[in-house]
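Summary of structural features
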Amino acid sequence: MTRTPRLSGWVGAAVAVLLCWPAVGAMAGGSVMTPTITGRVAETPFAGRSQAIGSAANGCLAGAEALPPSGPGWETLRLERNRFWGHPETIAFLRDMAARIERPGRILIGDIAQPRGGHMTSGHGSHQTGLDADILFRLADRDLTDAERADPVMDGVVNDDGSLIPELWGAPQVALLKTFAADPRVERIFVNPTIKRALCDSVAGDRSWLRVIRPWWGHQEHFHVRLHCPDGDGACIPGATLPPGDGCGEELTSWITTGDWKGRPRPPLPQQHNHRPEMPAACRSILSAY
Ligand SMILES: [Zn+2]
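Thresholds, definitions, all that
Residues numbered from 1 in each chain as written. Predicted model: local features only at pLDDT ≥ 70, side-chain atom pairs only at ≥ 80, totals over all residues. Helix = DSSP H or I, 4+ residues; strand = E, 2+ residues; numbered from the N terminus. Buried ≥ 20, exposed ≤ 12 C-beta atoms within 10 Å, placed from the backbone. Pairing = 2+ DSSP bridges. Expected span 1.5 Å × (residues − 1). pLDDT = per-residue confidence, 0-100. Contact = placed C-beta atoms within 7 Å. Axes fitted to C-alpha atoms, helices over the stretch in contact; angles between N-to-C directions. Parallel < 35°, antiparallel > 145°, perpendicular 65-115°, else oblique. Left-handed = near helix turned anticlockwise from the far one by under 90°. Core = buried A, V, L, I, M, F, W, Y, C linked by C-beta atoms within 7 Å.

1. Quick look at the overall build of the chain
Helices and strands together make up the secondary structure of the chain, namely 6 helices and 11 strands. Taking all 290 residues of the chain together, 44% fall into the buried category.

2. Some remarks on the pairing of strand 1 (residues 51-55)
Counting buried positions along strand 1 gives 4 out of 5 residues, so the element sits mostly inside the fold. Count of turn residues in the strand 1/strand 2 (residues 58-62) antiparallel hairpin: 2 residues.

3. Brief notes about helix 1 (residues 88-100)
With 13 residues, helix 1 should cover 18 Å at 1.5 Å per step; its first-to-last C-alpha distance of 19 Å lies within 8% of that length. Residues Glu89, Thr90, Ile91, Phe93, Leu94, Met97 and Ala98 constitute the buried set of helix 1.

4. Brief notes about the confidence of the model for the chain
Here the chain averages 86 in pLDDT, while 84% of its residues score no lower than 70. Across residues 1-18 the pLDDT falls below 50, and counting only partners more than four positions away or on other chains, this stretch makes 52 contacts in the model. In this model, residues 21-35 is a region of pLDDT below 50 whose contacts with residues beyond four sequence positions or in other chains number 36 contacts.

5. So, unusual backbone geometry
Following arginine 103, the chain continues to proline 104 via a peptide bond in cis, the omega torsion being 10°. By the secondary structure assignment, proline 104 is in the loop between helix 1 and strand 7 (107-109). Positive phi values are uncommon outside glycine, yet asparagine 82 reaches one of about 60°. Following the sequence through the fold, asparagine 82 ends up in the loop between strand 5 (74-76) and strand 6 (85-86).

6. Thoughts on the environment of histidine 124
Relative to the helices and strands, histidine 124 resides in the loop between strand 7 and strand 8 (132-136). The spacing of histidine 124 and alanine 113 is 11 residues in sequence and 9.9 Å in space, taken between C-alpha atoms.

7. Side note on the environment of glycine 105
Position of glycine 105 relative to the elements: it lies in the loop between helix 1 and strand 7. The spatial distance from the C-alpha of glycine 105 to the C-alpha of arginine 138 is 9.6 Å, given a sequence separation of 33 residues. Excluding residues that lie within four positions of it along the chain, glycine 105 makes contacts with Leu139, Asp141 and Pro172.

8. Details of the pairing of strand 9 (residues 186-191)
Bridge analysis of strand 9 against strand 11 (residues 222-227) gives 4 bridges, and the strand direction is antiparallel. For arginine 188, the partnering residue across the bridge sits in strand 11 and is arginine 226. Where strand 9 and strand 10 (residues 213-215) come together, 3 bridges link them in parallel fashion. Residue phenylalanine 190 lies in a different strand from strand 10, and its bridge partner there is arginine 214.

9. Section: the packing of helix 4 (residues 193-202) against helix 5 (residues 250-258)
Relative to each other, helix 4 and helix 5 sit at 130°, their axes nearing to 10 Å. As the angle between them shows, helix 4 and helix 5 are arranged oblique. Between helix 4 and helix 5 lies a crossing of left-handed hand. In this structure, helix 4 uses Pro193, Lys196, Arg197 and Cys200 to contact helix 5, whose residues at the interface are Leu252, Trp255 and Ile256.

10. Observations concerning the nonpolar core
In this structure, Leu94, Ile109, Ile135, Ile189, Ile213 and Phe223 are the most contacted members of the largest nonpolar core, which totals 61 residues. Residue contributions to this core peak at 5 residues, all from helix 1. Residues within four places of isoleucine 109 in sequence aside, it is in contact with Leu67, Trp74, Thr76, Leu77, Leu94, Ala133 and Ile135.

11. A short note on the environment of proline 72
In this fold, proline 72 is placed in the loop between strand 4 (70-71) and strand 5. Between the C-alpha atoms of proline 72 and alanine 99, which are 27 residues apart in sequence, the distance is 6.2 Å. In this structure, proline 72 is in contact with Ala98 and Ala99, ignoring residues within four places of it in sequence.

If you want it as structure tokens, here you go:
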């Protein structure tokens, strides 16, 4: 059985395409300090109308709402990281998803966003506008202890040879992904290419929900869900429109045949992108107004 390695902290967040998770051990016991504008992260939301501003990889969030540590069908992980904030539409979405999970199952929710979104020094290049969330493939069936919540088991579901681990991957995981992917609020979901291939090979009947599920580096112990820009959030920049179809054709084949994602949680950092794009003007005030 493959156990996903604990990742060390990642600070080269320049690449707009980078996504998610990690740095599990790196954050233990330490406060989350981020070189935003002022050199630190606000610990409270920016008051005012809720708004996602900018893009997932270069933006911020006003009027964030906190996801409680637990509720009907969910448990929130790693509270000490203070990344359980989201756009109110994201929080409502996660509550809806949790309510749809068959009991006693409950979803395990990792990072959403910081209280005002923005760039994080560890683990993510996105999650900046409060519209992204990480969900473990593993479901819980009871309340978590404080220790389980603070240091959750992070087993990957993919073997080194590219097969899926039967004890960790099965009908509950497919159902979980379908629950999320079939919701019209979802813009895209990132999973390991092995998982996308397994879905392409096995899902019968309605396959329309496969379209939003996109292959990406890492993402073998969790998936990353990103919501569409909420109506009325005029400064929110959506992601590129997905190509038509279920995504099981050429694009997936190129991931599988290239294979350069194997064993890598994220793409290599291109040297030419070692600068950060300019932050939206509104974010400059939101992230620096304490
Ligand atoms: Zn993520």
